[in-house]
Structures are given as C-alpha cells and as structure tokens.
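Summary of structural features
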Amino acid sequence: MRLIDVDPVNDRPGWLKRRRDGLGGSDVAKVLGISGFGSPWSVYVEKIGAVEPDAMEPTDQQVRGRYLEEGVLAWYADETGFTVGFKQAMIVHPEHEWAFCTVDGLVFEGPEPDDPAAAVKGVDAKTTSEWGWERVPVDYQAQAQWSMFVTGLPEWDLAVSHPGGFRIYTVEADPADQEALFEGARRFWHDHVLAGVPPEVTDSDNRLLAEVWPRHEPGTEVEVDADLVRELVRVKAELKRLEKRQAELEAQLKAKLGDTQVGTVNGRKVISWQAQSGGARRFDEDSFRAENPFMVNRFEKEKVVKYLDLEQLRKEEPDVFERYDRPVRVFRTHVKLEELEGNDG
C-alpha cells in the first residue's frame, strides 16, 4: 500500500495538484455516470486544469458531511472498538500510478501502527438526510470498490449518520465490479484526459460551462450543428405549448372544484386545491398599499440590510474585484422553427 506524502488540510494546493494526476473514487463514479455530484465532462476539465476543483459550489449535503466527518468516525470507533488512522491519506495503486483513492480512514484492530498495511479494512464517513438505506447507493458502492481495488483491502465500511441514528454498512470486495470500474476508468483516462478529447457534456454541466468559458470574444462566430439547433427550437416551442396547456387544464379543474378541497376519479383522490400545510398564507401587499394609502405610513418600517459596496471594493481592491467580476453569458435562440425547416434544402 503506497501513500502519497501530501496533506489535504495543510497543503491543499499540493493535494489538489496531485489529484489532477489521476482518478479517485469520487471521480470514477462521475466518469461512469452514476454520481449525482458531477459528470464525465466535469472530471475531464478538472484533470486538464481548465477549472479549479473547487470551482463548483459544494451542496449543503457535502458541506455538512465535511464538518461532521470527524464526529462520524469517532462514533464508528466507539461502536466497533476499532482504531481509525491514516485519515485523509492519499493512496496510489501499486501498478497504475493514475489510480488513487483518498480514504476517510484505515481501520486497525489495535492501536494505530506506523504501517498502513496492517489495516483490516477501510472506512468512509457519510452524513445523509435519508432515514435509512435498504441498499448502499450505487455511487457509494463504486467508490468503496475502487478504494478496495487501490488498497487491496477485502472490506470497506460506510459509517453513516442518518436522521434516525447511526448505521454501518459493509461492502465486500467484488473482483468483477472492480474490473469493470478499472476498465471504464482506464478508457476515460487514456482516451479522454491523456488524449485531450473531451467527453460529451450533459445537462448538469451548464453551470460549469460558464466557469470554463466565462467570457465571449466579441465579433466571433462558429458554425454549429443545424440539427441540434432545430431540435432545441422545437423543444422550446413544445415546452411553451405544454406550459400553456398545463395552465388551461389546471384552470378547468379549479373551476370544477370551486370551494371543494379534493377531486376524485372513481372515488380515488386525484387532485386537490387547498391551503398549504402549516397555515401558510400570503398577504396581498400591493393591493393593501393601493387601497389604503393613508394607513401605509403607520405600518411601514425601515429595515437595515447589509450589502457589499462593490463600487468601493472596485476602487480600493481592484485586483481582488477583477478576480470575481464575471460577465453573465445568456444563451438564446435567434431563429424560428419554420425558418430552419425552410433551409433544409
């Protein structure tokens, strides 16, 4: 088991640089399209250095997990009697330099030794808003199998803090799964990253695309796929039609309900029109102001709102301001479907 001497906390730039040199467990899940936290294209642009790994803002779940990780690992140690060591260690596969994993911890039956090879298994700490898992989510299974492929360990525990309590899920090494993960990761690393060939983008990449290309070059043009444009225009027109039809259908059904709460089909509840749960209400402020102009002053209050004085920031710290000042690129279509259809020939 070969550890890389880089500290993700005290030497984060060095750790991030080393991450670009290969694929870790979370990368592999994204590469295979089974992660909700990224896509193959997001991994590609990170590995070639087109975007910083921290460019995408972490989800609330990721931030919560980061802060609670130490507590979950301590809970795991208390529950099992094992010792958890080598936390946040980066480990490289003995034969494939580009294959690595960053472990939340290695598990030992006695006090933490100097040699990670004495570990009996690995452990990852997870925090989730779900009440429990009947089955370990597929992306976490993939990460665990990848970590076992890299380290050679026979088992990997997932120590999970659920809203309803704490549970430990054990994933056993599966050579067939590990081979499939390796082949998919190897093809991606060699055919895309090393070859400089980007994979296809997905719908989840829209925000990251704006990070990679935040500005346009004025006056530039490029020929694009007419079929893609045609499909986009057709989809947008269909969405507009469907939204209008949805509003019409809702209006017709509301008219049928009147002051009735529930609508049924063959006695089964299918629709409802009722106040939101919890007694949520909406005060019609615009109508109140228009109809009671002399009463407004009695109830109008001033509220102090904190805000960034961007003009002052620009003047006093121009370099810092420039680093965060980005244009907003707006994507639009400039043609109607019938115009495209007329140019088919």
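The text that follows walks through the structure, step by step, so that each part is easy to find. (Residues numbered from 1 in each chain as written. Predicted model: local features only at pLDDT ≥ 70, side-chain atom pairs only at ≥ 80, totals over all residues. Heavy atoms only, no water.)

1. Some details on helix α3 (residues 40-47)
Condition: Buried residues are those whose accessible area, probed at 1.4 Å on protein chains only, stays under 20% of the maximum for their type, while exposed residues exceed 50% and partly exposed ones sit between those limits. Only runs of H or I of at least four residues qualify as helices and only runs of E of at least two qualify as strands under DSSP, and these elements are numbered from the N terminus. Contacts are residue-level and defined by heavy atoms, with any inter-residue pair within 4.5 Å sufficient.
Within α3, 8 of the 8 residues are buried, which leaves the element mostly enclosed by the surrounding structure. All of the buried residues in α3 are Pro40, Trp41, Ser42, Val43, Tyr44, Val45, Glu46 and Lys47. Residues of α3 that are buried in the fold lie against α1 (12-19), α2 (25-31), α6 (175-194) and α7 (206-212). Gly49 sits one or two residues past α3 and shows a positive phi near 80°.

2. Comments concerning a negative patch on the surface
For the record, the criterion: Patches were defined on residues exceeding 30% relative accessible area and lacking a salt bridge, with like-charge contacts within 9 Å and nonpolar side-chain contacts (Val, Leu, Ile, Met, Phe, Trp, Tyr) within 5 Å. Where accessible areas are quoted, they stem from the Shrake-Rupley method and a 1.4 Å probe; at the residue level, only the protein chains shown are allowed to cover. Only one rule defines a salt bridge in this text: a Lys or Arg side-chain nitrogen within 4 Å of an Asp or Glu carboxyl oxygen. Two residue types count as positive, namely Lys and Arg, and two as negative, namely Asp and Glu; His and chain ends fall outside the count. Just so you know, the charge point we use is NZ for Lys, CZ for Arg, CG for Asp and CD for Glu.
Judged by side-chain charge, Asp309, Glu316, Glu317, Asp319, Glu322 and Asp325 come together as a negatively charged surface patch. With respect to the element layout, Glu316 can be found in helix α11 (residues 310-316).

3. Quick notes on the sheet that holds strand β4 (residues 100-103)
Either a parallel or an antiparallel arrangement is found when strands of a sheet pair, and the pairing is made through backbone hydrogen bonds. Defined as follows: We call two strands paired when DSSP finds no fewer than two bridges between them. Between N-to-C directions, angles cover 0 to 180 degrees, with each direction set by a line fitted to C-alpha atoms, over the stretch in contact for helices.
Sheet architecture is open: 3 strands sit in the order β1-β3-β4, paired in antiparallel fashion. At either margin of the open sheet sits one strand with a lone partner, and together these are β1 (2-4) and β4. Taking each pair of neighbouring strands and ignoring which way they run, the sheet shows an average axis angle of 35°. Where β1 meets strand β3 (residues 89-92), 3 bridges bridge the pair, whose relative direction is antiparallel.

4. A look at the pairing of strand β9 (residues 262-265)
As judged from the 4 bridges shared by β9 and strand β10 (residues 268-272), these two strands associate in the antiparallel manner. If you follow Thr264 over to β10, its bridge partner there is Lys269. Taking the residues between adjacent antiparallel strands as the criterion, β9 and β10 are bridged by 2 residues, where Asn266 takes a positive phi near 55°.

5. A look at the nonpolar core
The criterion, for reference: What makes a nonpolar core is a set of buried Ala, Val, Leu, Ile, Met, Phe, Trp, Tyr and Cys residues whose side-chain atoms join them at distances within 4.5 Å.
The biggest cluster of nonpolar side chains holds 41 residues, and the ones touching the most others in it are Leu23, Trp98, Leu106, Trp146, Trp156 and Leu158. Looking at this core element by element, the count peaks at 7 residues for helix α5 (residues 138-151). In this view, Trp146 contacts Leu23, Gly24, Gly25, Val28, Trp98, Ala99, Phe100, Cys101, Leu181, Phe182 and Ala185; residues no more than four positions away in its chain are not counted. Leu73, Ala125, Ala159 and Phe166 belong to the second largest nonpolar core, which has 9 residues in total.

6. Notes on the packing of α3 against α6
Using the following cut-off: Here the word oblique covers every angle except those under 35 degrees (roughly parallel), over 145 (roughly antiparallel) and from 65 to 115 (roughly perpendicular). In a left-handed crossing the near helix is turned counterclockwise from the far helix by less than a right angle, and in a right-handed crossing that turn is clockwise. By the convention adopted, Pro, Cys, Tyr, Trp, Phe, Met, Ile, Leu, Val and Ala count as nonpolar, Lys, Arg, Asp and Glu as charged, and the other residues, Gly among them, as polar.
Look at α3 against α6: their axes get within 10 Å of each other, and the N-to-C directions meet at 60°. The angle between α3 and α6 places the two elements in the oblique class. You can see that α3 and α6 cross each other, and the crossing is right-handed. Taking contact as the criterion, the partners of Pro40, Val43, Tyr44 and Lys47 in α3 are, on α6, Phe188, Trp189, His192 and Val193. Residues of the contact of α3 with α6, tallied by class, amount to 6 nonpolar, 1 polar and 1 charged.

7. Some thoughts on the pattern of salt bridges
Following the criterion strictly, the structure yields 17 salt bridges and no others. The closest approach of N and O atoms between Arg2 and Glu97, which form a salt bridge, is 2.7 Å. Here Glu97 lies in the loop between β3 and β4 and Arg2 lies in strand β1, a separation of 95 residues in the sequence. On the basis of relative accessibility, which here comes to 36%, the residue Arg2 falls in the partly exposed class. With a closest N to O distance of 3.2 Å, Lys87 and Glu70 form a salt bridge. Highlighted residues: Lys87 in the loop between β2 (83-85) and β3 and Glu70 in helix α4 (residues 60-80), separated in sequence by 17 residues. The class for Lys87 is partly exposed, based on a relative accessible area of 39%. Accessibility expressed as a relative area gives 47% for Glu70, which makes it partly exposed. Shared partners join several salt bridges into a network, and the residues in it are Arg19, Asp27, Glu46 and Lys47.

Scope: geometric values only; no functional claims are made or implied.
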